[in-house]
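Take a look at the letters that make up each chain.
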Amino acid sequence: MPQEEAKPELSLKEKERRWSLLRGKLKAAGLSALLVYGGTQLGVPVHYLTRVWGGKLNMVIFPAEGNPLLLVPSNTGITGDTLSRQGCWIPAGDVHSSPNLAADAARHIIRLGLQKSKIGIDSFRFWPVFEHQTFNELCPGVQLVESHRLFGEIRGPKSDEELAVMRKAILISDMAHYAFLANVRPGMTELEAAGYANAVLESHGVGDRIILIHSRPEMAYPTRPGPTLIEKPNPLTFSPEFTRNLGYGAQMIRAYWWEEPKGIYKKMLELCGAMRQMIIEEFRPGLEITGAGKKLEDMVERWGFECDKLGHAVGLSYGDAPYLTASPEERDYMAWTILPGEVYEVHPMIRNKGGKPPFVMIGDMFHIGQDATRWMTTTLPGIPEYIPG
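Residues numbered from 1 in each chain as written. Predicted model: local features only at pLDDT ≥ 70, side-chain atom pairs only at ≥ 80, totals over all residues. Heavy atoms only, no water.

Novice: Run through the pairing of strand S16 (residues 356–360), naming residues and quoting values.
Specialist: Two strands pair when backbone bridges link them, and strand S15 (residues 349–352) and S16 are joined in this way by three bridges, in the antiparallel orientation. Residue pairing across strands places Asn 352 opposite Lys 356, the latter belonging to S16. Counted between consecutive antiparallel strands, the loop separating S15 from S16 contains three residues, among which Gly 354 sits at a positive phi close to 85°. (Pairing = 2+ DSSP bridges. Helix = DSSP H or I, 4+ residues; strand = E, 2+ residues; numbered from the N terminus.)

Novice: Could you give an account of the pattern of salt bridges, naming the residues involved and the relevant values?
Specialist: Scanning the model with the defined rule gives 22 salt bridges in all. A salt bridge links Glu 9 to Lys 168; the shortest N-O distance between them is 2.9 Å. You can see Glu 9 sitting in the segment before helix H1 (12–28) and its partner Lys 168 sitting in helix H7 (residues 160–183), a full 159 residues away along the chain. On the basis of relative accessibility, which here comes to 43%, the residue Lys 168 falls in the partly exposed class. Where Arg 216 meets Glu 231, a salt bridge forms, and the shortest distance between an N and an O atom there is 3.3 Å. Of this pair, Arg 216 sits in the loop between strand S7 (206–214) and strand S8 (236–244) while Glu 231 sits in the loop between S7 and S8, placing them 15 residues apart in sequence. On the accessibility criterion, Glu 231 (38% relative accessible area) is partly exposed. Put simply, Glu 14, Arg 17, Arg 18 and Glu 162 are held in one network by salt bridges that share partners. (Salt bridge = Lys/Arg side-chain N within 4 Å of Asp/Glu carboxyl O. Buried < 20%, exposed > 50% of the residue type's maximum accessible area, 1.4 Å probe, protein only.)

Novice: Outline the confidence of the model for the protein, listing residues and values.
Specialist: For the protein, mean pLDDT is 93; residues scoring 70 or higher make up 97% of the total. Here residues 1–6 scores under 50 on pLDDT; set against residues more than four positions off or in separate chains, the count is 10 contacts. (pLDDT = per-residue confidence, 0-100. Contact = heavy atoms within 4.5 Å.)

Novice: An account of the sheet that holds S15 is requested, with residue identities and associated values reported.
Specialist: Spatially, the three strands line up as an open sheet ordered S11-S15-S16, and their pairing is antiparallel. Where the open sheet ends on each side, the last strands, each with one partner, are strand S11 (306–308) and S16. The average angle at which neighbouring strand axes cross in this sheet is 35°, direction not considered. Its contacts with the sheet place helix H9 (residues 263–282) against S15 and S16, and it is angled at close to 45° to S16. (Axes fitted to C-alpha atoms, helices over the stretch in contact; angles between N-to-C directions.)

Novice: Let's hear about the side chain of Glu 342: which residues, and what values?
Specialist: Among the secondary structure elements, Glu 342 is positioned in the loop between strand S13 (320–323) and strand S14 (343–346). Here Glu 342 sits buried without a salt bridge, and the closest side chain of opposite charge, Lys 158, lies 6.1 Å off (N-O distance). Among the polar contacts made by the side chain of Glu 342, one reaches the side chain of Trp 336 at a distance of 3.2 Å. At 2.7 Å, the side chain of Glu 342 and the backbone nitrogen of Leu 339 are in polar contact. Leave out the neighbours within four places in its chain, and Glu 342 touches Gly 156, Pro 157, Pro 322, Trp 336, Thr 337, Phe 366, His 367 and Ile 368. (Lys, Arg positive; Asp, Glu negative; His and termini not counted. Polar contact = N/O pair within 3.5 Å; in protein donor to acceptor, adjacent residues only side chain to side chain.)

Novice: Any chance you could break down the nonpolar core for me, citing the residues and the numbers?
Specialist: Within the largest apolar cluster, 60 residues are counted, with the highest numbers of intra-cluster contacts made by Leu 22, Leu 49, Leu 70 and Phe 180. Once residues within four sequence positions are removed from consideration, Leu 70 is found in contact with Val 46, Thr 50, Asn 58, Met 59, Val 60, Leu 83, Cys 88, Ile 90, Asp 94, Val 95 and His 96. Within the second largest apolar cluster, 34 residues are counted, among which are Cys 272, Leu 296, Leu 310 and Phe 366. (Core = buried A, V, L, I, M, F, W, Y, C linked by side-chain atoms within 4.5 Å.)

As structure tokens, then:
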């Protein structure tokens, strides 16, 4: 990892902005504290409050009054001093080693005198039942309140500092695509071709990642790169999605072609271009998340196709909540209204009705402004882009 990548990027001013907003939200909701459980979204919310990546079993206890605490499993060997050297916003003295996260959280709540109050949790969805039971047995007077949306309304809108580091992630994504496009050749395996992009990600301090590729017209979904040979004139879909080790992710999906698309492919790609413009024109603050998803699905339907996996927000992770869904019946549904300042990755997987190939997918990140929506991932904008040679 380059040396500059190891330095904390977000300032104390950003910390104060987040902590102040959360304290205000808690007080307005009548909550005395928020428990932020690391199991939610791979530790993203813990990272948001601490500036260091939150493991699945960490927890932040954030009182509406007073200093937050960070609980770290004792079997990790991580100490407050270790995290302090990494730039943790919570002082070493407020980081506690814990052999039993739920029991120790309850003990700290009692010590803070909050054992007969309403306390939020982010989130019940990821809190193991036995931990919930342990906490309740020790703090039977606490009323726990699901607060994923409350906290999400702070994490969703991005500050100028956050947008600046997101632009760094987008630049890395651009370089990964250029490396792939410059080196892909017929007869190369998908894994070999993706390796050029992966080397770029490795050299720029990227941690959690998924690389997807689609090189077989008979397939209806993309897959992880494997031994399949890339053959001309099969079109290629390429998607590196990742989070930097310091946080903040990017995802840009592009369709790469050897020759001019024809027939149904041409129509699908024209739909992608029209959809990109629709998002810029119609995704606005105040739009229900299912309303946004319905706009996407209805547009695809009008063009004679079907789609799924519509997209999601982007933040500390490349795949942050909420997810774009078209109805409350869908698995990833979350009650949500799009907020000014949020960033979304929109990437409907488009195919023939009945889930049949061919397949086309183009994905971009969009920043939702108060009065306008901005297309952020503008590199290689062609629909499609052509492979050199």
